[in-house]
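Tertiary structure, described
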Amino acid sequence: METIGYVRGDATTPLGKGVKVIAHVCNDRGGWGKGFVLALSKRWPEPEADYRRWYRERAGNDFGLGAVRLVRVDTYLWVANLIGQHGTRTGSKGPPVRYDAIDRALDTLGARVLELGASVHMPRIGCGLAGGTWGRVEPLILERLSGRGVPVTVYDHD
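Keep in mind it's a predicted model, so treat the numbers as computed, not measured.

Okay, the overall build of the protein chain next. Broken down by element type, the protein chain carries 4 helices and 6 strands. Written out in order from the N terminus, the α and β elements of the protein chain read β-β-α-α-β-β-α-β-α-β. Taking 15 Å as the expected radius of gyration for a compact globule of 158 residues, we find that the protein chain reaches 14 Å, a close match to that expectation. Principal-axis analysis of the C-alpha atoms gives the protein chain an extent of 40 × 30 × 30 Å. For the protein chain, buried positions account for 47% of its 158 residues. The long-range share in the protein chain, meaning contacts at least 24 apart out of those at least 6 apart in sequence, stands at 69%. A total of about 7900 Å² of accessible surface is found on the protein chain, and carbon and sulfur atoms cover 50% of it.

The strands making up a sheet associate through backbone hydrogen bonding, with each pair oriented either parallel or antiparallel. What the 6 strands build is an open sheet, ordered 1-6-5-2-4-3; its pairing is mixed. The outermost strands of the open sheet, each flanked by one partner alone, are strand 1 (4-8) and strand 3 (68-74). When strand polarity is set aside, the average angle formed by the axes of neighbouring strands in this sheet is 30 degrees. Running at roughly 160 degrees to strand 4 (residues 77-85), helix 3 (residues 99-116) makes contact with strand 2 (20-27), strand 3, strand 4 and strand 5 (119-122) of the sheet. Contacts from helix 4 (residues 134-144) reach strand 1, strand 5 and strand 6 (152-156) within the one sheet, and its direction differs from that of strand 1 by about 130 degrees.

The topology assignment puts N81 in strand 4. Only 2.6 Å separates the side chain of N81 from the side chain of H24, close enough to count as a polar contact.

Summed over all chains, the structure comprises 11 salt bridges. With a closest N to O distance of 3.6 Å, R29 and D28 form a salt bridge. Exposure remark for R29: the relative accessible area of 48% places this residue in the partly exposed category. Residue D28 is classed as buried on the basis of its relative accessible area of 13%. Across the pair R144 and D103 runs a salt bridge whose closest N-O atoms are separated by 2.8 Å. Of this pair, R144 sits in helix 4 while D103 sits in helix 3, and the two are 41 residues apart along the sequence.

Right, let's talk about the pairing of strand 5 for a bit. Side-chain alternation along strand 5 places S119 and H121 on one buried face and V120 and M122 on a second face that is also buried. Bridge analysis of strand 5 against strand 6 gives 3 bridges, and the strand direction is parallel. Residue pairing for strand 6: H121 is matched across the bridge by T153. Crossover handedness for the path strand 5 to helix 4 to strand 6: right-handed.

Here we take up the packing of aromatic side chains. Going through the model one piece at a time under the given rule, you end up with 5 aromatic pairs. Aromatic side chains Y55 and F63 sit 5.3 Å apart centroid to centroid with 75 degrees between the ring planes, which places their arrangement in the edge-to-face category. Positioned above the aromatic ring of Y55 is the side chain of R58, whose terminal nitrogen or guanidinium carbon lies 3.9 Å from the ring centre. Positioned over the ring face of W134 is R124, at 5.2 Å from the centre of the ring.

With that settled, consider the nonpolar core. Formed by 30 residues in total, the largest nonpolar core has its most connected members in L106, L109, V120, M122, I141, L145 and V152. Contributing elements (two or more residues each) for this core: strand 2, strand 3, strand 4, helix 3, strand 5, helix 4 and strand 6. Ranked by the residues each element gives to this core, the list is headed by helix 3, at 6 residues. Not counting the four nearest positions on each side in its chain, V152 is found in contact with T3, I4, G5, V120, M122, I141, L145 and S146.

On to the state of the cysteines, then. As enumerated under the stated definition, the model contains 0 disulfides in all. Cysteine C26 shares no disulfide, and the gap to the nearest cysteine sulfur, in C127, comes to 15 Å.

The rules behind the values
Residues numbered from 1 in each chain as written. Predicted model: local features only at pLDDT ≥ 70, side-chain atom pairs only at ≥ 80, totals over all residues. Heavy atoms only, no water. Helix = DSSP H or I, 4+ residues; strand = E, 2+ residues; numbered from the N terminus. Rg over C-alpha atoms; globule rule 2.2 N^0.38 Å. Buried < 20%, exposed > 50% of the residue type's maximum accessible area, 1.4 Å probe, protein only. Contact = heavy atoms within 4.5 Å. Areas by Shrake-Rupley, 256 points an atom, 1.4 Å probe, with all protein chains shown as cover. Pairing = 2+ DSSP bridges. Axes fitted to C-alpha atoms, helices over the stretch in contact; angles between N-to-C directions. Polar contact = N/O pair within 3.5 Å; in protein donor to acceptor, adjacent residues only side chain to side chain. Salt bridge = Lys/Arg side-chain N within 4 Å of Asp/Glu carboxyl O. Right-handed = clockwise from strand over helix to strand, strands pointing away. Phe/Tyr/Trp six-rings, centres within 6.5 Å; stacked < 30°, edge-to-face > 60°. Lys NZ or Arg CZ within 6 Å of the ring centre and 35° of its normal. Core = buried A, V, L, I, M, F, W, Y, C linked by side-chain atoms within 4.5 Å. Disulfide = S-S within 2.5 Å.

And the structure:
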């Protein structure tokens, strides 16, 4: 079983060799414009364009909580848009994070990265604007990714 590696740095510049997937959490409302997605969009236009198209055409695809899209941004680099947030604001039903959706998305992602022979790199997903806690997210990563032998690195930005 792999463990999670923790480093200080920028998840948009993942460390190491080989195929890499940068994973992050998106909302189910088509919003892209705050948080980690801004750093992604600064580096590559494809993840945002794909997310917006996926949302726009949602009546005919799998867009929704728990869904995943991998977008290739370079020869050995992908970005995984994971839908794990309901809306964008804390309301009467609590913060927008949906742990069950993150769990399903990570399960799907685990299978895909094993096919690619990739490692996964991420900020502390679901814990920024989504309002989640790392104590709830980390066990999902350990089970769905690390427990399957997927190397995972979590980046804490300076």
